[in-house]
Amino acid sequence: MLNRQLSFMKACDIGTEIIAMDALGQGIFTIDKKDMSSHLLTIVEKQQGQRNLYQEAAQYGNKIFFFPYAFVSTEVIIYDIEEGSLEYLVLSQKNEKIFGDYKPIQQIGNDVWLFPTEISRDAIKFHLDTQEIEIVAQWKEKMKNIGVDSTDVFRKVGEMIEVQNVLYQPVKGTNYILGIDKQSYKTECYALPTNIKLHTVVDYNGRELWFVDSDNNGVVSWEPVTGKTKFFPISFKDSWNNDICWSMKLLCGKQYLWMIPYRDKKIMKLQYQTGDYECIDIMPEKFSYYEKAPGSVFDMTVKNGTIVDIYPFLSNLAIHIDLENDVLSERYEQIMLPMEWTDEDIIKYQAQSGNGYETNRVSPNISMDYFIQNINIQRKTETACNNGDNIWKWVSGE
């Protein structure tokens, strides 16, 4: 039987619909949020690889910009919602300083920030309105002073949270937080207690920024105004792999910090004041994920008021958290290829333009093969490490 699930890393929530690029095929789809039904919008015909893994989807006006996961030799794909047309943008043609890989990539307002995986390169800011590039040299200079491991070819910093016009982001594996002024780009560095090593996820509850410890020892809060910190230990002994941080996303509720797993069937929530925490099973008897495939069970989260929609990547359900009431909703959905498609339609869709796709929609552990092969080729001159041992890191971006 064919796998009918529509999988994606990132998509663009435009209100009543989601615009997503199929990670296991060549289509761009619209997903109706009322019933999660999908409809094919267009085929990406100039795709260089066999898999569409995109780490950010940014909207400006009628255009959706898909920024690739493996940025080397890969184009930004621009989909025009009104015209249904595609553009292919090579950022290196905009500025010769743009080369190599970028992780993370994050939309802030009408701009997209791209952070290089090597600290010898500049951070860049892509203006969605003009499609022009701006170099943010201050970031590189501050990173050089921190003493980050330059032999690590993976991401060096985490996602950003904006507080009073300053963009804060953790420096992975260190006790440092960067603060980038949105207007001047002046970059400051803040140190937490030296025994803390930060992971790449962060959220803000209106007073404190919250982070997780990359060694799975607990969570830490930091107040930007006062510099006050708190640390709460948490046991992640049941983690699927203690070498990988347990949480892929933090969400600040009214009274609790919510931790979304990389690869687990439970969610954790921690009380801000006491540090007491509990594990909540995700839809027992209904939720499942591909245990042998590298990658995260969830990837994309979207806040709609006090409700957070959490979308699957290597799992089977979209779930929702009510942050006002600090509860996991009983509601869930599956996101499938168009229900009217027959098995023959799916096979025909995957065989577009003789692209060498399998004639069956296969599980993600097989579908990642081409992606991993590309990664090995792209990075073989940059690291002597065993790529097989680092497949997870490539897929998670860590």
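For the structure, see preceding data.
Predicted model only: the values in this text are computed from it and were never measured.

All right, on to unusual backbone geometry then. Going from Lys-103 to Pro-104, the amide bond is cis rather than trans, its omega being 0°. Checked against the element boundaries, Pro-104 lands in strand S9 (residues 102–108). Of note, Gln-131 is a non-glycine position whose phi angle comes to about 60°, a positive value. With respect to the helices, strands and loops of the structure, Gln-131 is situated in the loop between strand S11 (123–127) and strand S12 (132–136). When its relative accessible area of 15% is taken as the criterion, Gln-131 is described as buried. At Glu-285, a position not held by glycine, the phi torsion is positive, near 75°. Relative to the helices and strands, Glu-285 is located in the loop between strand S24 (277–281) and strand S25 (298–304).

If you walk across this open sheet you meet the 4 strands as S17-S18-S19-S20, and the pairing is antiparallel. Whereas interior strands pair on both sides, the edge strands pair on one side only; in this sheet they are strand S17 (198–204) and strand S20 (229–233). The mean angle between the axes of side-by-side strands here comes to 20°, regardless of whether they run parallel or antiparallel. Here 5 bridges tie strand S19 (residues 218–222) to S20, and the two strands are oriented antiparallel to one another. Counted as the bridge partner of Val-219 is Phe-232 from S20.

Ordered by their spatial adjacency, 4 strands build an open sheet running S25-S26-S27-S28, and the pairing between neighbours is antiparallel. On the outer flanks of this sheet lie S25 and strand S28 (327–333), each paired with one strand and no other. Mean inter-strand twist for the sheet, computed between neighbouring axes without regard to direction, equals 25°. Pairing of S25 with strand S26 (residues 307–312) involves 6 bridges; the strand directions are antiparallel. By the bridge assignment for S26, Lys-303 is matched with Val-308.

Moving on, we get to the nonpolar core. One finds Trp-210, Val-219, Met-259, Phe-298, Ile-319 and Ile-321 to be the most contacted residues of the largest nonpolar core, which totals 36 residues. When contributions to this core are tallied by element, the ones reaching two or more residues are strand S18 (209–213), strand S21 (247–252), strand S22 (256–261), strand S23 (266–271), S26 and strand S27 (318–322). If near-sequence neighbours (up to four positions away) are discounted, Met-259 is found in contact with Val-219, Ile-234, Phe-236, Trp-246, Ser-247, Lys-249, Leu-250, Ile-267, Met-268 and Leu-270.

To continue, consider helix H1 (residues 137–146). Three or more residues of H1 are buried, namely Trp-139, Lys-140, Met-143 and Ile-146. Seen from one end, H1 has its buried residues packed into an arc of 115°, which puts them on one side. Lining the buried residues of H1 we find strand S10 (111–116), S11, S12, strand S14 (166–170), strand S15 (176–181) and strand S16 (187–191). Within two residues after H1, Gly-147 carries a phi angle of roughly 85°, on the positive side.

As enumerated under the stated definition, the model contains 17 aromatic pairs in all. Measuring from centroid to centroid gives 6.2 Å for Phe-8 and Tyr-311, while their planes differ by 45°, and the two rings are tilted. Within this pair, whereas Phe-8 is found in the segment before strand S1 (11–13), its partner Tyr-311 is found in strand S26, the two being separated by 303 residues in sequence. In this structure Phe-8 comes out as buried when scored by relative accessible area, which is 1%. When its relative accessible area of 1% is taken as the criterion, Tyr-311 is described as buried. Members of the aromatic cluster, each reached through a chain of ring pairs, are Trp-113, Phe-115, Trp-139 and Tyr-185. The residue whose ring lies beneath Lys-269 is Tyr-256, and the NZ or CZ to ring-centre distance is 4.4 Å.

Cut-offs used in this document
Residues numbered from 1 in each chain as written. Predicted model: local features only at pLDDT ≥ 70, side-chain atom pairs only at ≥ 80, totals over all residues. Heavy atoms only, no water. Helix = DSSP H or I, 4+ residues; strand = E, 2+ residues; numbered from the N terminus. Buried < 20%, exposed > 50% of the residue type's maximum accessible area, 1.4 Å probe, protein only. Pairing = 2+ DSSP bridges. Axes fitted to C-alpha atoms, helices over the stretch in contact; angles between N-to-C directions. Core = buried A, V, L, I, M, F, W, Y, C linked by side-chain atoms within 4.5 Å. Contact = heavy atoms within 4.5 Å. Arc of directions from axis to C-beta. Phe/Tyr/Trp six-rings, centres within 6.5 Å; stacked < 30°, edge-to-face > 60°. Lys NZ or Arg CZ within 6 Å of the ring centre and 35° of its normal.

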